[in-house]
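Fold and contact review
Residue strings, one per chain:
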Amino acid sequence: MPSVPDLHVTKLHYTLVKSDTVSYETPAPIDFETDEARFLLAEGRLTCEMKIHTSAEAEARAAVEPLIRSWEVASDLKGNRGAFRLKYERPEIIDRRPLEPGENRAYIHVGLGALSIAGTAVVHASLNSYPDPPGEFRLNANAESMWLRYKGYLEGREPLLSMAYFCLTLLEAVAGNRNEAARLFSVDVEVLRKIGELTSKRGDRTIARKASSTLALTGNEAAWLEIVVKALIFRVGGRAPGTLQQIKLEDFPRLT
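In this report, we go over the structure that sits alongside the text.

About the thresholds
Residues numbered from 1 in each chain as written. Predicted model: local features only at pLDDT ≥ 70, side-chain atom pairs only at ≥ 80, totals over all residues. Heavy atoms only, no water. Helix = DSSP H or I, 4+ residues; strand = E, 2+ residues; numbered from the N terminus. Buried < 20%, exposed > 50% of the residue type's maximum accessible area, 1.4 Å probe, protein only. Salt bridge = Lys/Arg side-chain N within 4 Å of Asp/Glu carboxyl O. Pairing = 2+ DSSP bridges. Axes fitted to C-alpha atoms, helices over the stretch in contact; angles between N-to-C directions. Polar contact = N/O pair within 3.5 Å; in protein donor to acceptor, adjacent residues only side chain to side chain. Contact = heavy atoms within 4.5 Å. Core = buried A, V, L, I, M, F, W, Y, C linked by side-chain atoms within 4.5 Å. Phe/Tyr/Trp six-rings, centres within 6.5 Å; stacked < 30°, edge-to-face > 60°. Lys NZ or Arg CZ within 6 Å of the ring centre and 35° of its normal.

Even without being a glycine, Glu-43 presents a positive backbone phi close to 50 degrees. Topologically, Glu-43 is positioned in the loop between strand 4 (37-42) and strand 5 (45-50). The exposed category is assigned to Glu-43, whose relative accessible area is 77%. Phi is positive for Ser-186, close to 55 degrees, though the residue is something other than glycine. Here Ser-186 shows up in the loop between helix 4 (178-184) and helix 5 (189-201).

With the rule as written, the count across this model stands at 17 salt bridges. Across the salt bridge formed by Glu-72 and Arg-69, the nearest N and O atoms sit 3.9 Å from each other. Of this pair, Glu-72 and Arg-69 both sit in helix 1 (residues 57-77), three residues apart, which is roughly one turn of that helix. In this structure, Arg-85 engages Asp-76 in a salt bridge whose closest nitrogen and oxygen atoms are separated by 2.8 Å. An identical accessibility class is assigned to Arg-85 and Asp-76; each is buried. It is possible to trace a salt-bridge network through shared partners that takes in Arg-81, Lys-151, Glu-155 and Arg-157.

Our next topic: the sheet that holds strand 5. Strand order in the open sheet formed by five strands is 3-4-5-1-6, with antiparallel pairing between adjacent strands. Of all the strands in the sheet, the pair left with one neighbour each is strand 3 (30-33) and strand 6 (86-95). Strand after strand, the sheet turns through a mean of 15 degrees between neighbouring axes, direction not considered. Taken together, the four bridges between strand 3 and strand 4 define a ladder with antiparallel strand orientation. By the bridge assignment, Asp-31 is partnered in strand 4 with Leu-40.

Before going further, it helps to spend a moment on the side chain of Ser-70. Residue position: Ser-70 is located in helix 1. Polar side-chain contacts of Ser-70 include one of 2.7 Å to the backbone oxygen of Pro-66. If near-sequence neighbours (up to four positions away) are discounted, Ser-70 is found in contact with Pro-134, Phe-137, Arg-138 and Leu-139.

What follows covers the nonpolar core. In this structure, Leu-171, Leu-192 and Leu-225 are the most contacted members of the largest nonpolar core, which totals 38 residues. Residues in contact with Leu-171, not counting those within four places in the same chain, are Met-146, Ala-181, Phe-185, Leu-192, Leu-232 and Val-236.

Right, let's talk about the environment of Trp-224 for a bit. Among the secondary structure elements, Trp-224 is positioned in helix 6 (residues 219-236). Given a relative accessible area of 2%, Trp-224 falls into the buried group. Expressed as a C-alpha distance, the spacing of Trp-224 and Arg-254, which sit 30 residues apart in the sequence, is 8.3 Å. Those residues within four positions of Trp-224 in sequence are excluded, and the remaining contacts are Val-191, Lys-194, Ile-195, Leu-198, Leu-249, Phe-252, Pro-253 and Leu-255.

Our focus in this paragraph is the environment of Ile-68. When you line up the elements, Ile-68 lands in helix 1. By relative accessible area, which is 0% here, Ile-68 ends up buried. Between the C-alpha atom of Ile-68 and that of Lys-87, which follows or precedes it by 19 residues, the distance is 9.9 Å.

Now for the packing of aromatic side chains. On inspection of all chains with the given rule, the structure shows nine aromatic pairs. Taking 6.1 Å as the distance between ring centres and 70 degrees as the angle between the ring planes, the aromatic pair formed by Trp-224 and Phe-252 counts as edge-to-face. Note that Trp-224 is positioned in helix 6 and Phe-252 in the segment after helix 6, a separation of 28 residues in sequence. Taken together, the ring pairs connect Phe-32, Phe-39, Trp-71 and Phe-84 into an aromatic cluster. Here the basic side chain of Arg-61 rests over the ring of Tyr-88, its NZ or CZ set 3.8 Å away from the ring centre. It is Arg-149 that lies over the ring of Phe-166; its NZ or CZ is 4.1 Å from the centre.

With that settled, the discussion passes to the side chain of Arg-202. Among the structural elements, Arg-202 can be located in the loop between helix 5 and helix 6. Side chain to side chain, Arg-202 and Glu-221 meet in a polar contact 3.1 Å long.

Shown next as C-alpha cells:
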C-alpha cells in the first residue's frame, strides 16, 4: 500500500510579464518578508520562499497572491498602469516524511492558471528599478472597489465625477458618515468636503453627476480629484488606517 506523504510547499516561482510600455534595465533585486513568505525579485523572476506550512500549491498561492496583486495595483496607481505583472510559473514541493524501506508512494500534482492580466501599450519607458513593494497596502474589498472604478475612469468607461463620488460615498458607508470616515481613515474632513463639492457642483451635461450642475470642471480640479482618489485608495487599503498620519488639504495641489 502506498504511504501517505507529508507534503510541504517550499517555494513558489513567478516571472515578470514582458510589457509593451516598460522595460527594466539592470534593476537592483528587491528582497523583503511578510509573515507568509520571503519575496525575492531578481532578473525578472520572483521567488516566494514560504515561511508558513502549506501542503498544497493552491493553499500556498492563496497566501502570497494577495500581496502580489496589491503590488501590481500599487504600481499601477503610481504611474505605469499594466506595466508590472507577475505570472505564476511553478511550485517547489517536498515530502517531509521519508520513505521506509520497501515503501512506495505516489501523488498527483495539479497546476493552476496564471495570475496576471495583460496591460495596454501607450508609451515605452526604460526604468532602472522595480516598483517598490506594497508595504502595508493590501487590495481589500473596499480598496478594490475604488480601484476598479478608478480604472474604469482611466479606460474611458466612466466619468471622473461619478467615479470620485462613488469613492467618497464608499468611505462614508464604511464609517457611517463623512465625519466618521475622516476619523477612521485619518483624512481631514475638508478633503472629503471638497470632493463632495466638486462632484456635486461641477460638470456639463456629458459628465456632471447632477442635472443642476452649472460650473465647468477645470483641468486643475480634474487633476486634483485624480490625485486625491489615488491617495484614498492607498489609505483604504492600509492595514491600520486609523494610526496613520492625517491626509490634509495642503498635501495636494492648491485649487484656485
